[in-house]
Amino acid sequence: MAEIEEERHVCDAAVTLAFSVLGKRWNGMIVSSLGAGPSTFVALRRAVAGISDTVLSDRLGELSDAGLVARTVDAGPPVTVSYALTPSGEGLLPILDQLGTWASANLEVRAR
């Protein structure tokens, strides 16, 4: 019984950790957008409608710190910065797809 409780605690902690990153507004959309391939900041801002430059910059930093997104600087000229999913980030793509499918089937969309 104690072993089951320990496993549940470990699982709860892992899910809490995952949602501390993925549960933030925009992060799922950023990861999903990068699933199409590397992108620049401007292209990401266009792909994630409604996000501000400041929030996008913050979220990219958080996703990078979490090991999901890699930032690459090409010295140019001109200097360009691109963002791409790491292997861990790529591993999230099928999970995000499954979550979206589940949400469409099980959650009611409410008008605002």
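Along every chain, residues carry numbers that run from 1 in the direction the sequence is written. Where totals are concerned, whole chains, interfaces and linings use all residues; where local detail is concerned, this predicted model gives features only for residues with pLDDT of at least 70, and gives and counts side-chain atom pairs only at 80 or more. Values shown for side chains rest on all heavy atoms present in the structure; no hydrogens or waters enter the calculation.

Asks: Kindly report on the nonpolar core, identifying the contributing residues and their values.
Replies: Only buried residues count toward a nonpolar core, which is a set of Ala, Val, Leu, Ile, Met, Phe, Trp, Tyr and Cys residues joined through side-chain atoms within 4.5 Å. Here the term buried applies to any residue with accessible area under 20% of the maximum for its type, exposed to any over 50%, and partly exposed to those in between, with areas from a 1.4 Å probe on protein chains only. Residues Ile30, Leu34, Leu60, Leu63 and Val69 are the most contacted members of the largest nonpolar core, which totals 17 residues. Comment: elements are numbered from the N terminus, with helices defined as DSSP H or I runs of at least four residues and strands as E runs of at least two. Elements with a minimum of two residues in this core: helix 2 (27-34), helix 4 (53-65), strand 3 (80-85) and helix 5 (87-106). In this description, contact between two residues means that some pair of their heavy atoms is separated by no more than 4.5 Å. If we ignore the near neighbours within four places in the chain, the residues touching valine 69 are Leu34, Leu60, Leu63, Ser64, Tyr83, Ala84, Leu85 and Thr86.

Asks: Can you tell me about the packing of helix 2 against helix 4, naming the residues and giving the values?
Replies: How two helices pack is summed up by the angle between their axes together with the distance between the axes. Interaxial angle, 0 to 180 degrees, is taken between N-to-C directions of lines fitted to C-alpha atoms, where a helix line uses only the stretch in contact. As a packed pair, helix 2 and helix 4 sit with axes 10 Å apart at the nearest point and diverge in direction by 75 degrees. Put simply, helix 2 runs roughly perpendicular to helix 4. Counted together, Asn27, Ile30 and Val31 of helix 2 and Leu56, Arg59, Leu60, Glu62 and Leu63 of helix 4 form the full contact between these two elements. Three classes are used, and their members are as follows: Ala, Val, Leu, Ile, Met, Phe, Trp, Tyr, Cys and Pro are nonpolar, Asp, Glu, Lys and Arg are charged, and the others, Gly among them, are polar. For the contact of helix 2 with helix 4, a count of residues per class yields five nonpolar, one polar and two charged. An angle counts as roughly parallel when it lies under 35 degrees, as roughly antiparallel when it exceeds 145, as roughly perpendicular when it falls between 65 and 115, and as oblique in every other case.

Asks: Quick rundown of the pattern of salt bridges? Include the residues and the values.
Replies: We define a salt bridge as a side-chain nitrogen of Lys or Arg found within 4 Å of a carboxyl oxygen belonging to Asp or Glu. Within this structure, the stated rule accounts for three salt bridges. The salt bridge involving glutamate 62 is made with lysine 24; its shortest N-O contact spans 3.1 Å. One end of the pair, glutamate 62, is in helix 4; the other, lysine 24, is in the loop between helix 1 (2-22) and helix 2, with 38 residues separating them in the sequence. Ionic pairing is found between arginine 45 and aspartate 53, a salt bridge with its closest N-O pair at 2.9 Å. Residues participating in the shared-partner salt-bridge network are Lys24, Arg59 and Glu62.

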